[in-house]
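Chain by chain, the residues run as shown.
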Amino acid sequence: MFPLWIIDLTDQGDRQTHFRELVGRLPGVLQEEQAQDWYEGEEHDRRQWLYTRYDNNFKGIDPNDAEQMSQCIYDFQETIVRKGQAFIQMLRHSNIDGTETLNICVLGDATQSFTQLVFPSIAVMLQKEKGRILPNHIHQGMSIIGVYYIPSNVNSLTADQRQNVHLTLREIEVQHAILSVRGYDRMFFYQDVQNRTESYFPVLNEKEQAEYLFQCMVHLYYACDKVHPLISGGSSDDRFYFSMGCSSLFFDTTVQDKIDKETVLNDIIGILSKEGDLEQTDEKGHIIDFSKVSAENIIAKFQNVDFDLSDARLKEPAPHPIHNFADSKLKKLYYNRYLKYYPANLRLKIMDVISSESESILEEISSMRRQNQNIFAEMTLPSAIERQLVTSNIHVGCLTRITRNLKAFKTEIGKMKNRLNDQIEQNIWTNLYQRNVPKKLKDDFESYHETYCADLESRTPSHRCEEMKQTAQEDFVNILKQETTFMGRLGRSFLMGIMAVLTFMPFVTLVSQYLFDLGDVKANAVYWSALLFMIPLICQFTSLGLYYRKKGKRERRLKAYYLHDAYARIASRIETEANGLYDYMAALCDEYLKRCKWIERDVRPLSTSEFYSGMELPMTLFNQPAVGGSYAGNVVINELEEECREIYVQRVPRRINLLDDEDCHLLLHTYKNDVMTLFRGITVRDKHERVFNEELGYKVFLSKKEKDRMEEQTWSENQDLFRKQLRKRIDMDLLPHKHPTVGEKIVYYANKMDNDKVLAPFIRSAATNGELTSSADVEHSDVKGNIAKLQYLFESGMPSHHAQYQFDNNKELLRKYLFLTRWRTFDTVALNRILPTEDFDEEVRQRRLNEEEQSLHKNSTSSLILWAICQNDNSSEWLKLFDATHFNESMAIRDIYTSKLNVKD
């Protein structure tokens with residue numbers, strides 16, 4: 001790489017933008033806008049190229065205003081000097097050898113006004129100001145090449161436009177012809193077409209022109225072991241004007257390693273995501289053993305539970321209405337504290353008994369549910385998906401099969417969930433009814449359960465169970481309200497007995513004289529009185545027995561309802577746990593299905609061309625890979641014919657470019673553990689999940705946005721880990737390169753197939769660019785490679801060329817790249833090959849002089865600038881640029897320019 005200052009005078013456009021981008025990708029190149037930051041850094045990279053571009057600051061200036069125009073030219077000259085000094089400073093910071101020639105390339109476009117104005121004179125400015133640009137390196141050489149673009153359709157331009165092109169070419173020719181003027185050392189013309197003897201590639205657009213120009217810069221200044229003949233003038237045909245063509249082939253093992261690994265990875269991803277034949281996917285969808293995660297295990301766990309309902313009795317009241325019948329606080333304590341809250345306390349007692357006896361088993365069921373969820377999430381489902389990878393075939397893409405089976409499994413979960421109520425009814429309610437419900441409560445329990453089931457099955461809200469409980473409770477309360485104390489009943493029966501004795505006998509005596517004779521009745525009055533006294537007592541005790549019977553019946557009904565509610569809570573808990581398990585499995589299936597969609601969306605084969613972006617020289621139309629690269633559609637080495645690296649497929653080596661679907665499936669099976677990385681980190685997040693916030697100092701709820709962000713981050717990490725691990729595994733199975741350098745690869749395939757077939761596209765692509773030379777001109781070529789065996793191939797491919805060869809197997813660049821440059825030089829600018837006859841023939845010009853006089857005079861500003869810079873050189877050659885009728889006027893304007901530019905003797 002030689003020091004190079006690229007001065008771009010072209011207008012902004014696709015060519016300028018793309019060329020600037022390409023140059024910026026070279027190591028050791030500094031863009032002008034980066035210079036300030038680069039100088040301010042503590043350590044500087046080794047930079048040897050500087051790219052600067054000048055905008056047209058002459059717009060709007062009247063060319064006839066010599067004062068204003070000369071001031072702008074002076075400012076332009078000073079700007080060039082400052083940037084040249086900055087370039088020298090950059091070379092010093094980069095520790096570049098100060099004795100090396102300072103190479104400068106000036107880029108111009110024949111059709112653009114700014115180029116026409118300053119392109120002929122900028123080289124003279126640089127040579128004139130060399131002492132200021134190189135103040136401490138006065139003996140250092142300065143080599144300036146003008147790179148000038150002339151479009152192939154120049155003849156179709158207007159007459160004024162062609163005159164501008166003609167004048168610029170004349171100015172270049174004049175300054176070269178005058179020995180006292182030091183300007184461009186060489187002139188390089190290029191066009192958007194190849195020489196007509198080749199015509200290998202079509203007309204280049206602006207971006208392709210930029211790639212061609214960049215390739216020329218690389219060949220002349222970058223890929224050099226020693227100075228290129230076109231720069232040093234060491235060619236056998238050393239002339240001022242030249243036109244060149246160039247191309248390069250590359251084979252970088254570092255890049256190729258990445259491409260090889262990515263190719264295999266892309267093949268595996270292609271098989272993973274292949275749609276395939278859906279008819280060959282599993283129809284049943286039973287990818288999981290349900291016995292490990294079935295809710296029947298949860299239900300069965302509760303079937304052996306027995307409840308001791310004897311503990312569901314309330315304690316005896318204190319004081320007791322019978323035992324403590326004489327207690328003065330009986331009324332207050334028994335009625336207000338015990339009897340009043342008896343229904344509620346009875347319900348709570350039943351609930352407490354059932355809950356306390358079922359608490360441990362219910363907690364065990366919850367633990368079983370959580371354990372089943374963990375087993376399903378961490379082992380069962382991932383193992384099932386892994387089996388899908390292993391058992392897949394070449395007819396069905398694994399991802400398609402996994403997705404379909406997950407959907408089928410989710411459907412099966414829905415069916416199992418629908419059967420859950422029947423399982424709970426059969427395995428829980430029937431068991432409870434038969435084993436845990438007392439005989440006296442079964443009728444009311446069954447009646448209440450029928451209503452309960454009807455409520456569950458009803459699609460509309462129903463409260464019949466609540467109504468039944470309310471009615472039973474009201475009936476029970478009404479009965480309780482009728483309860484009297486024992487002393488009350490005893491006193492009532494005693495008073496009624498006395499009243500019966502005292503009223504019955506007098507009444508009988510009074511009416512007996514009219515109705516019947518008392519006889520023995522009166523004689524046995526004592527016995528009748530005793531009987532009458534006992535009758536109220538018997539009635540009261542009979543009523544008390546009937547009351548307690550009725551109370552017990554209504555209490556049993558209410559107890560049956562409360563008992564059912566207690567069991568319903570247990571059944572609901574079990575149903576909730578079972579549903580929770582099913583819902584979790586369904587939700588987890590949804591997460592896996594979502595991950596499958598993400599895999600299909602994001603894990604796609606990547607283009608291997610992106611790896612070329614990291615190469616030392618970017619891939620362009622004129623810099624192509626040896627394998628798979630093509631020039632004008634003609635491939636150098638076909639990828640299918642390439643004996644590329646091999647990879648072990650079940651211990652059998654297979655070329656990676658010949659892997660078929662079966663091979664890729666086998667590789668997929670081999671790397672299943674790495675593929676499963678894509679399915680890691682899948683969880684069903686809790687709606688109320690919280691995390692500790694360090695700033696706030698307490699836990700906060702995660703928002704949906706935050707959960708999505710965490711999920712995407714996990715997925716991104718999984719993708720990166722998947723590709724990283726898989727590339728590492730693939731790299732271990734890849735065999736070494738057979739031909740590690742570009743030269744060895746080219747020589748091998750040229751001998752194996754056909755020399756012309758391999759090198760012909762490469763050689764023809766490097767044919768001389770532009771129509772500026774004729775087929776009779778001598779063509780030279782320069783070949784740079786890493787092995788001398790390449791010389792024979794090029795000698796047979798270019799038999800009529802004056803070729804030189806440079807081989808260096810130790811230079812890393814030449815182990816990766818093979819460079820070919822072809823050029824032709826010529827004595828004159830060959831206007832007859834560029835412009836129509838009327839543009840350069842003197843006689844034709846004289847006939848048209850009167851018509852074009854004003855135009856010619858107006859377009860001579862650039863000539864005046866050039867002449868003014870060249871001090872007081874009055875060579876007759878300058879007359880070629882000025883019309884005789886305006887020569888004296890031109891001399892006066894030239895004096896103004898000379899005075900302003902401070903070059904007058």
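Residues numbered from 1 in each chain as written. Predicted model: local features only at pLDDT ≥ 70, side-chain atom pairs only at ≥ 80, totals over all residues. Heavy atoms only, no water.

Student: Just to check I follow, could you spell out the overall build of the protein chain for this structure?
Tutor: Along the backbone of the protein chain there are 31 helices and 17 strands. Considering the protein chain as a whole, with its 905 residues, one finds that 50% of them fall into the buried category. Within the protein chain, counting contacts between residues at least 6 apart in sequence, those at least 24 apart form 80% of the total. As presented, the protein chain carries roughly 44200 Å² of accessible surface, and 48% of it is formed by carbon and sulfur atoms. (Helix = DSSP H or I, 4+ residues; strand = E, 2+ residues; numbered from the N terminus. Buried < 20%, exposed > 50% of the residue type's maximum accessible area, 1.4 Å probe, protein only. Contact = heavy atoms within 4.5 Å. Areas by Shrake-Rupley, 256 points an atom, 1.4 Å probe, with all protein chains shown as cover.)

Student: Help me understand the confidence of the model for the protein chain, please; the structure alone is not making it clear to me.
Tutor: Per-residue pLDDT for the protein chain averages 80, and the proportion of residues at 70 or more is 81%. Mean pLDDT values over the elements of the protein chain span from 46, in helix α29 (residues 849–858), up to 94, in helix α7 (residues 206–222). Predicted confidence is poor over residues 852–859, with pLDDT under 50, and the contacts of this stretch with residues over four places away or in other chains come to 13 contacts. (pLDDT = per-residue confidence, 0-100.)

Student: Could you clarify how one ought to interpret the pattern of salt bridges in this entry?
Tutor: Where charged atoms from two side chains of opposite charge come close, those side chains can pair. A complete count under the given rule lists 30 salt bridges for this structure. Residue Arg132 pairs with Glu78 through a salt bridge whose shortest N-O separation is 2.7 Å. With a gap of 54 residues between them, Arg132 in helix α5 (residues 130–133) and Glu78 in helix α3 (residues 66–93) connect regions that are remote in the sequence. A residue is classified by how much of its surface remains accessible, and Glu78, at 13% relative accessible area, is buried. Taking the shortest distance from any N to any O, the salt bridge between Lys594 and Glu591 comes out at 3.5 Å. Of this pair, Lys594 and Glu591 both sit in helix α19 (residues 525–602), three residues apart, which is roughly one turn of that helix. Here the residues in one salt-bridge network are Glu78, Lys128, Glu129 and Arg132, joined through shared partners. (Salt bridge = Lys/Arg side-chain N within 4 Å of Asp/Glu carboxyl O.)

Student: Explain unusual backbone geometry here, please?
Tutor: Glycine aside, a negative phi is what most residues show, and trans is what most peptide bonds show. One non-glycine residue, Gln650, adopts positive backbone phi at about 50°. Here Gln650 is to be found in the loop between β11 (646–649) and β12 (652–655). In this structure, Arg651 is a non-glycine residue whose phi angle is positive, near 70°. Mapped onto the fold, Arg651 is located in the loop between β11 and β12.

Student: Help me understand the packing of aromatic side chains, please; the structure alone is not making it clear to me.
Tutor: Aromatic ring pairs: the centre-centre distance and the angle between the two ring planes describe each pair. Applying the stated criterion to the full structure yields 30 aromatic pairs. Measuring from centroid to centroid gives 5.3 Å for Tyr149 and Tyr190, while their planes differ by 45°, and the two rings are tilted. Linking Tyr149 in strand β5 (residues 142–149) with Tyr190 in strand β6 (residues 186–190), this pair joins segments that are 41 residues apart in sequence. You'll find Tyr149 and Tyr190 in the same group, each marked buried. When the centroid spacing of 6.1 Å and the interplanar angle of 40° are considered together, the rings of Trp598 and Trp715 count as tilted. Of the two residues, Trp598 is situated in helix α19 and Trp715 in helix α22 (residues 704–733); the sequence distance between them amounts to 117 residues. Three or more aromatic residues joined by ring pairs form one cluster here, namely Phe119, Tyr148, Tyr184, Phe189, Phe240, Tyr241 and Phe826. (Phe/Tyr/Trp six-rings, centres within 6.5 Å; stacked < 30°, edge-to-face > 60°.)

Student: Can you help me understand the pairing of strand β3 (residues 49–53) in this one?
Tutor: In regular strands, side chains alternate between the two faces of the sheet. Judged by how many residues are buried, β3 sits mostly within the fold: five of five residues are covered. Alignment of strand β1 (residues 4–8) against β3, held across five bridges, turns out to be parallel. Bridge pairing links Ile7 to Thr52 in β3. (Pairing = 2+ DSSP bridges.)

Student: Hey, could you run me through the state of the cysteines in this one?
Tutor: Two cysteines whose sulfur atoms are joined by a covalent bond form what is called a disulfide. Counted according to the given criterion, the structure contains zero disulfides. The thiol of Cys246 is unpaired, and the distance to the nearest cysteine sulfur, on Cys216, comes to 3.6 Å. Look at Cys246 and you get buried, because its relative accessible area is 0%. (Disulfide = S-S within 2.5 Å.)

Student: Looking at this model, I keep getting lost on a positive patch on the surface. Mind explaining?
Tutor: Side chains of Lys440, Arg549, Lys553 and Arg556 sit close together on the surface and give a patch of like positive charge. Among the structural elements, Lys440 can be located in the loop between α14 (420–435) and α15 (442–457). Note on Lys440: relative accessible area 68%, which makes it exposed. (Patch = residues over 30% accessible without salt bridge, like charges linked within 9 Å, V, L, I, M, F, W, Y side chains within 5 Å. Lys, Arg positive; Asp, Glu negative; His and termini not counted. Charge placed at Lys NZ, Arg CZ, Asp CG, Glu CD.)

Student: Quick question: what am I supposed to make of the environment of Gly28 here?
Tutor: By secondary structure assignment, the location of Gly28 is in the loop between α1 (14–24) and β2 (29–31). Separated by 25 residues in sequence, Gly28 and Pro3 have C-alpha atoms that sit 9.6 Å apart.

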